[in-house]
Amino acid sequence: MASVRQIAEHAGVSIATVSRVLNNDPAVNPDTRDRVLSAANRWGYVPNGGRRIGTYIGFAYTSRTSLTGAFDCAVLDGVVRGADECRLDVVIVNVQRDKRADETYTQFFMRKGVRAVILRTVSESRDTCQKIAAEGFPHVVVSDRFDDPRVNYIDGDSTADSRRAVEYLVSLGHRRIAFAMHSVPDRDHLDRFEAYRAGLVAGGLAFDERLVFRHPSNLSAGGTILTLSQSLPDPPTAICCADPLLAVGAVQKAHELGIRIPDDVSIVGFDDADMRHAVYPTLTAVCQDAGQLGFQATVWLSSLLRGAATRSFRVTIPTFFEINRSTAPPRENGRGLLPARESTSAPGANGYSPGGRV
């Protein structure tokens, strides 16, 4: 880690000027401030007050916090595992709440004793990630992608498998397929929504906005979606859920109402860990290892802080589509479709194998 004297030499200013910048003196010329902070970021400076806690990596939200969600819990678990392996500590930071209006993001993180940060963002606050990247502060955005080459990110790309899930339902004979998504428009849910629309088009089906349900990510909302969808005059025979808790909540509500899965309605879920195995029947789902996203982000940041990694990290990890027992052909009187239990026990039907990854 660089000293104040070394930062002054790198930035071409006096030690006093470096001190004034790090203490957020408003009288410092903005260009000088940016030059000093850039040097501090590049050479790994940690303020004296932060040296006692210089092992901190921040897990930071650029907007609202969402640790109640299955995805964030899994990511944070991966961050903690990576931090343990790299002998680092993790602190949760809310940028929107705690950052002072007169300080840069670098000054904010330094004040918190944070040496590097893992960022969670939503659509309306993506510009915050770009500003942090522009300052050169060590960072990785989890679960988003950026054209800006300065932004480091790791993302699970579920687009292809989300479309594959819809096409699979179409191949089973479903013609009214609902879609459930989180009401907060982050990159992942928007990708899955576009994949849903593309899957309908590929199957020759029209998009119907009345079959799209946007609700908060929780079990209760999943139950609400199941109830609302099945109360329609012409209810969908299948529901694609782009969020784990919505899918599990829908299954639980179906059992409560006596709606049989997959006999009466097929459900495709999304799984960030192993939640698909926690309900009956086991969910057909698009799956990703969210914990691995957090783990890889932390390990790379640790390498960067040690000077053992380049300053660019842009990784996309593919998901997979797993067919289980929550999906089957729709049961319609007089149409000759196979009963659900027969169809799900027939390996290779429609080119898909139950219980396996696609």
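Below, the structure is looked at part by part. (Residues numbered from 1 in each chain as written. Predicted model: local features only at pLDDT ≥ 70, side-chain atom pairs only at ≥ 80, totals over all residues. Heavy atoms only, no water.)

Attention now goes to the nonpolar core. The tendency in soluble globular proteins is for nonpolar side chains to be buried as a group. Core analysis: the largest hydrophobic core is formed by 43 residues, its most contacted members being Ile177 and Tyr196. Listing elements by their share of this core, those giving two or more residues are helix H9 (159-172), strand E6 (177-182), helix H10 (187-202), strand E7 (212-215), helix H11 (219-230), strand E8 (238-241), helix H12 (244-257) and strand E9 (266-271). Non-local contacts of Ile177, meaning those with residues more than four positions away in its chain, are made with Val166, Leu169, Val170, Tyr196, Leu200, Leu205, Leu211, Pro236, Ala238 and Cys240. Of all hydrophobic cores here, the second largest spans 23 residues; its members include Ala74, Val79, Ile118 and Leu293. (Core = buried A, V, L, I, M, F, W, Y, C linked by side-chain atoms within 4.5 Å. Buried < 20%, exposed > 50% of the residue type's maximum accessible area, 1.4 Å probe, protein only. Helix = DSSP H or I, 4+ residues; strand = E, 2+ residues; numbered from the N terminus. Contact = heavy atoms within 4.5 Å.)

We now examine unusual backbone geometry. In this model, Ile261 is joined to Pro262 through a cis peptide bond whose omega is 5 degrees. In this structure, Pro262 sits in the loop between H12 and E9. One non-glycine residue with positive phi stands out, namely Arg87, at about 60 degrees. Following the sequence through the fold, Arg87 ends up in the loop between helix H5 (70-86) and strand E2 (89-94). Since its relative accessible area comes to 74%, Arg87 is described here as exposed. Look at Ser143: it is not a glycine, yet its phi comes out positive at around 70 degrees.

All right, on to the packing of helix H1 (residues 4-11) against helix H3 (residues 30-42) then. Put simply, H1 and H3 touch, their axes get as near as 9 Å, and they point 120 degrees apart. Judged on the interaxial angle alone, H3 and H1 are oblique. Of the two elements, H1 crosses H3, and the hand of that crossing is right-handed. For the pair H1 and H3, contact is made by Ile7, His10 and Ala11 and by Arg35, Val36, Ala39 and Ala40, respectively. Per-class residue counts for the contact of H1 with H3 are five nonpolar, one polar and one charged. (Axes fitted to C-alpha atoms, helices over the stretch in contact; angles between N-to-C directions. Parallel < 35°, antiparallel > 145°, perpendicular 65-115°, else oblique. Left-handed = near helix turned anticlockwise from the far one by under 90°. Nonpolar A, V, L, I, M, F, W, Y, C, P; charged D, E, K, R; others polar.)

In this structure, Ala285 sits in strand E10 (residues 284-287). Along the chain, Ala285 and Ser326 lie 41 residues apart, while their C-alpha atoms are 9.0 Å from each other. If we ignore the near neighbours within four places in the chain, the residues touching Ala285 are Val268, Gly269, Phe270, Asp271, Arg276, Phe320, Phe321 and Glu322.

Once that is clear, we can look at the packing of aromatic side chains. Under the definition given, this model contains ten aromatic pairs. Between Phe179 and Phe193 the ring centres are 5.8 Å apart and the planes differ by 45 degrees, which places this aromatic pair in the tilted class. Placement of Phe179 in strand E6 and of Phe193 in helix H10 is noted, with a sequence separation of 14 residues between them. For Phe179, a relative accessible area of 3% gives the class buried. Their ring planes at 20 degrees and their centres at 4.9 Å tell us that Trp300 and Phe313 sit as a pair that is stacked. Here Trp300 is found in helix H13 (residues 290-305), whereas its partner Phe313 is found in the loop between H13 and strand E11 (314-318), with 13 residues between them in sequence. You'll find Trp300 and Phe313 in the same group, each marked buried. Each residue in the set Phe179, Phe193, Tyr196 and Phe207 is aromatic and connected to the rest through ring pairs, giving one cluster. Directly above the aromatic system of Phe193 lies the positively charged group of Arg214, at a separation of 5.3 Å from the ring centroid. (Phe/Tyr/Trp six-rings, centres within 6.5 Å; stacked < 30°, edge-to-face > 60°. Lys NZ or Arg CZ within 6 Å of the ring centre and 35° of its normal.)

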